[in-house]
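Given next are the chains, with one letter for each unit.
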Amino acid sequence: MTRSKVLRNLLNNGRDYDTPRLEEIAAKLGLPVADVLVVGGHPVPGYLLPPDRDRDVLRAFTYRVTFCNHLQLGALREFLLALPNEGMAPGPRSARDPADPDPFPAVLDGLMRNRGFGVREFPFVGLSMSTIRGMLGGAWHRLSQLQAVAGPLGWSTADLAALAGEPLQPLDYGPMFCHHVGAVFLAAVPCTTEQLVRAAREADRLSARKDHGAWQPVSEGIDDCPDA
């Protein structure tokens, strides 16, 4: 069975799978267990979710990550993985509605929330907030938009397209962020507010970011990626 068929089968029939089967699928696909639970229509236990933290701090952290080049992203990820787990797990998050005729918006929302992202905290990917809200609300999910959000989630465009039912086709431009940016955000999932503050400082140290005096979207995480 191809990867896309595995994902579509998980989307349509995942509620019939028990936790060990879902963990096996997550390992096979190289995806976080929390994400596989979301796709399969299962609740996500609190220990897999981010703790409660200051959303302004999270937004500042994601902004600073986007100044890091590929080597710096790798170093920042190692910094995050070395931090102790100090956060208090939130309560579990309920499963998506099984009666929803188009499950993809709820799946995308779940993938974002697995990382602690709301629309405001999601890094700038060349899409407006209203466009991302439209994707979450079921108004659209075109391939170019899936490509834009895939990297920060640590997913591939092809995998998101399989879930959204969007046919793959050549695009005229590449993504703004590679999946290594998403790997940093995944490593930050257990972090508390205080740890995110420390990680933002580390990102600034690594990138030698200069303060522009205003919030300006930036991207440094794709041009030097060996997978690009």
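Scroll up a little and you will see the structure.
Owing to the predicted nature of the structure, the values given are computational and were not obtained by experimental measurement.

(A) Spotlight on the environment of G116. With respect to the secondary-structure elements, G116 resides in the loop between α6 (104–114) and α7 (129–136). Considered as a pair, G116 and V181 are 65 residues apart in the sequence and their alpha carbons are 15 Å apart. Discounting residues that sit within four places of it in the chain, G116 has contacts with P50, R53, R55 and L58.

(B) The packing of helix α4 (residues 55–65) against helix α11 (residues 193–207), seen in detail. In contact at an axis separation of 9 Å, α4 and α11 are set at 25 degrees when each is read in the N-to-C sense. Looking at the two axes, α4 sits roughly parallel to α11. For the pair α4 and α11, the sense of crossing is left-handed. The residues of α11 that touch α4, namely those facing V57, L58, F61, R64 and V65, are T193, L196, V197, A199, A200, A203 and D204.

(C) Spotlight on the nonpolar core. Judged by nonpolar contacts, the single largest core of 65 residues is most densely connected at F61, L80 and W155. Top contributing element to this core by residue count: helix α8 (residues 143–153), with six residues. When residues no more than four places from it in sequence are discounted, the contact partners of L80 are F61, V184, A187, A188, C191 and A199.

(D) Representation of the environment of P105 within the structure. Within the element layout of this structure, P105 appears in helix α6. Apart from the residues lying within four places of it in its own chain, the contact partners of P105 are M135, L136 and G138.

(E) Main features of the pattern of salt bridges. Summed over all chains, the structure comprises nine salt bridges. Linking R120 and D56 is a salt bridge whose minimum nitrogen-to-oxygen distance equals 2.9 Å. Within this pair, whereas R120 is found in the loop between α6 and α7, its partner D56 is found in helix α4, the two being separated by 64 residues in sequence. The exposure class of R120 is partly exposed, given its relative accessible area of 37%.

(F) Examining helix α1 (residues 3–13) more closely. Turning to α1, its buried residues number three or more, namely V6, L7, L10 and L11. For α1, the buried positions fall inside an angular range of 135 degrees around the axis, keeping them on one side. When the buried face of α1 is taken as reference, the exposed residues oriented beyond 90 degrees from it are K5 and N12. Check the buried side of α1 and you find it contacts α2 (19–29), α3 (33–39), α6 and α9 (157–164).

Reading the values: rules and limits
- Residues numbered from 1 in each chain as written.
- Predicted model: local features only at pLDDT ≥ 70, side-chain atom pairs only at ≥ 80, totals over all residues.
- Heavy atoms only, no water.
- Helix = DSSP H or I, 4+ residues; strand = E, 2+ residues; numbered from the N terminus.
- Contact = heavy atoms within 4.5 Å.
- Axes fitted to C-alpha atoms, helices over the stretch in contact; angles between N-to-C directions.
- Parallel < 35°, antiparallel > 145°, perpendicular 65-115°, else oblique.
- Left-handed = near helix turned anticlockwise from the far one by under 90°.
- Core = buried A, V, L, I, M, F, W, Y, C linked by side-chain atoms within 4.5 Å.
- Buried < 20%, exposed > 50% of the residue type's maximum accessible area, 1.4 Å probe, protein only.
- Salt bridge = Lys/Arg side-chain N within 4 Å of Asp/Glu carboxyl O.
- Arc of directions from axis to C-beta.

Shape descriptors only; they carry no functional weight alone.
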